[in-house]
Amino acid sequence: MWKTLQPVAPVLLTVVLMESALGVMSPLIGFRLASGGASTFVVGAAASAYFLGFLLGTLTCQRMIRRVGHIRAFGVFAVTASNAAILFTVLHEPAFWIFLRCCAGYALAGAFVVIESWMTDKAAEENRGRVFAMYTTASWAASGVSPLLLNFDAPGGILLFVLVTIGLSAAMIPLAVTKVGNPDIDEHQHLPLSRLFRASPTGVVCAFGSGMMNAGLYGLFPAFIKDHGYGEKELSLLYSITTVAALVTQYPIGHVSDHYGRRPIIIAIMLVSTAMSLLLYALPDISFTWMVVLFFILTAFESPLYALGVGQTTDYVEKSEFVAASSGLLFAWGLGSCFGPTVAGTVMHGFGPQGLLLFAAGCFLAVALFTTYRALKRRAKTPEEQSDYVAVPLTQGTYGAPELDPRGEYKPHPPSPSLQAGYVE
């Protein structure tokens, strides 16, 4: 176990620090915008700006990493993100916050590219499944607990922004002091969406829909909570509870999909999520306790959608194309994430805070109907023909996670440049 953990331990600590900072920053910015009188469209635009920057970062930041090395590039990205976090305390115009969210998204994408490519480089064929599980656990645990820190500051204070800045800056320390060699980084290609759609229309729609739903829901939760008269305490609890819900159902739903097929399970979980959304919409005056319960059920059923989409696509591509296909699905997810918060904010602007639930119900139902249509058009593969389900956390997956996935073909990496030169960095 220690042999597996040792090369990636600094990276896992960095993941915990970054996810903890992000778990505070995302809901905090949305809530402060809503509390300051910003419209739901502006709150949604700020969330969309983050994902737009994140998507652009995953596509372009490899050039800097190859030019200056992982550790130096990570320092640039982490400092840029921490600077953006502290600037939220001095620039108060919503337009500046939208711009800073985009900058933070770009920088954090670069940081996660470094993290995931580092983990990929250090993982061997026999242990990459365990490394992937460690990464999954660290990401989910940190993002589930950290929103509770929203309770540690008075409304309107700057302490939380300071903590986010400290967390992002401190994330540089584990990598800066490591003796593990600087890994090499290859240019990753993703399959064009047109080709992916021809191979697995359901997989692409699930990835895009998952991005729209999750980014829309989580991006507008702060405005939803504020409009219902609640504060940061309730928001922190809702974020943490729904993150836990996303974790506890991944493997049970995945296990069922391995035995009964992907598409029937996709249809079932989307219909349950639609029902929960409509129930919450029909009960605007529900108590906070019951709101949390219903959102727990909703999130528990909708959260495996992306992983099911990856599994569905995996069944129809060659093993040698798995990494490229997964990267293409991440791109589809990123596109959906860019649109989701803005669309959700627009719907809320027209229908009030309960419009968020109409947005969610519409997305869930659309995926269920499309999957039903595809089930009627093409025979599903039998459980024996399917690949195994693997839970995929989409806290910030960007670059190297598809290579760590045990379903893909393992490609050994050459020794890092520092090791080839006879020293470690």
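Definitions and cut-offs
Residues numbered from 1 in each chain as written. Predicted model: local features only at pLDDT ≥ 70, side-chain atom pairs only at ≥ 80, totals over all residues. Heavy atoms only, no water. Salt bridge = Lys/Arg side-chain N within 4 Å of Asp/Glu carboxyl O. Helix = DSSP H or I, 4+ residues; strand = E, 2+ residues; numbered from the N terminus. Buried < 20%, exposed > 50% of the residue type's maximum accessible area, 1.4 Å probe, protein only. Phe/Tyr/Trp six-rings, centres within 6.5 Å; stacked < 30°, edge-to-face > 60°. Polar contact = N/O pair within 3.5 Å; in protein donor to acceptor, adjacent residues only side chain to side chain. pLDDT = per-residue confidence, 0-100. Contact = heavy atoms within 4.5 Å. Patch = residues over 30% accessible without salt bridge, like charges linked within 9 Å, V, L, I, M, F, W, Y side chains within 5 Å. Areas by Shrake-Rupley, 256 points an atom, 1.4 Å probe, with all protein chains shown as cover. Axes fitted to C-alpha atoms, helices over the stretch in contact; angles between N-to-C directions. Parallel < 35°, antiparallel > 145°, perpendicular 65-115°, else oblique. Left-handed = near helix turned anticlockwise from the far one by under 90°. Nonpolar A, V, L, I, M, F, W, Y, C, P; charged D, E, K, R; others polar.

## Description of the pattern of salt bridges
So, step 1. Under the counting rule described, the total for this entry stands at 1 salt bridge.
So, step 2. Between Arg32 and Glu232 there is a salt bridge, and its shortest N-O distance comes to 3.1 Å. Residue Arg32 is located in helix 2 (residues 9-35), and its partner Glu232 is located in helix 12 (residues 232-248); the two are separated by 200 residues in the primary sequence. Both residues of the pair, Arg32 and Glu232, count as buried.

## Notes on the packing of aromatic side chains
So, step 1. What the rule picks out here adds up to 15 aromatic pairs.
So, step 2. Centre to centre, the rings of Phe54 and Phe112 are 6.4 Å apart; their planes meet at 50°, and the pair counts as tilted. Taken as a pair, Phe54 in helix 3 (residues 40-60) and Phe112 in helix 6 (residues 94-122) lie far apart in primary sequence, 58 residues in all.
So, step 3. A relative accessible area of 0% means that Phe112 is categorised as buried.
So, step 4. Judged by centre distance (6.3 Å) and plane angle (45°), the ring pair of Phe197 and Phe370 falls under tilted. Of this pair, Phe197 sits in helix 10 (residues 193-199) while Phe370 sits in helix 18 (residues 355-377), and the two are 173 residues apart along the sequence.
So, step 5. Put simply, the rings of Tyr50, Phe51, Phe54, Phe112 and Trp333 touch in pairs and so form one group of aromatic residues.

## Overview of the side chain of Ser146
So, step 1. Along the chain, the position of Ser146 falls in the loop between helix 7 (128-145) and helix 8 (159-170).
So, step 2. In terms of polar contacts, Ser146 uses its side chain to reach the backbone carbonyl oxygen of Ser20, at 3.5 Å.

## A short note on the confidence of the model for the chain
So, step 1. For the chain, per-residue confidence averages 82 on the pLDDT scale, and 82% of positions sit at 70 or higher.
So, step 2. Ranking the elements of the chain by mean pLDDT puts helix 20 (residues 417-420) last with 47 and helix 14 (residues 262-282) first with 94.
So, step 3. Low pLDDT (under 50) marks residues 417-425, which in the prediction has 19 contacts with non-local residues, meaning those over four places away or in another chain.

## A closer look at a nonpolar patch on the surface
So, step 1. A surface patch of nonpolar side chains, about 450 Å² in accessible area, is lined by Leu149, Phe152, Leu159, Leu163 and Ile166.
So, step 2. Secondary-structure assignment places Phe152 in the loop between helix 7 and helix 8.
So, step 3. Note on Phe152: relative accessible area 58%, which makes it exposed.

## Description of the packing of helix 11 (residues 201-227) against helix 16 (residues 305-314)
So, step 1. One way to put it is that helix 11 packs onto helix 16 with a least axis distance of 8 Å and a crossing angle of 165°. Put simply, helix 11 runs roughly antiparallel to helix 16. The interaxial crossing formed by helix 11 with helix 16 has left-handed handedness. Contact residues: Thr202, Gly203, Val204, Cys206, Ala207, Gly209, Ser210 and Met213 in helix 11; Leu305, Tyr306, Gly309, Gln312 and Thr313 in helix 16.
So, step 2. Looking at the contact of helix 11 with helix 16, its residues break down into 6 nonpolar, 7 polar and no charged.

## With respect to the environment of Ile158
So, step 1. The residue Ile158 is located in the loop between helix 7 and helix 8 in this model.
So, step 2. Separated by 70 residues in the primary sequence, Ile158 and Phe88 have C-alpha atoms spaced 9.0 Å apart.
So, step 3. Setting aside residues up to four positions removed in sequence, Ile158 forms contacts with Thr89 and Asp153.

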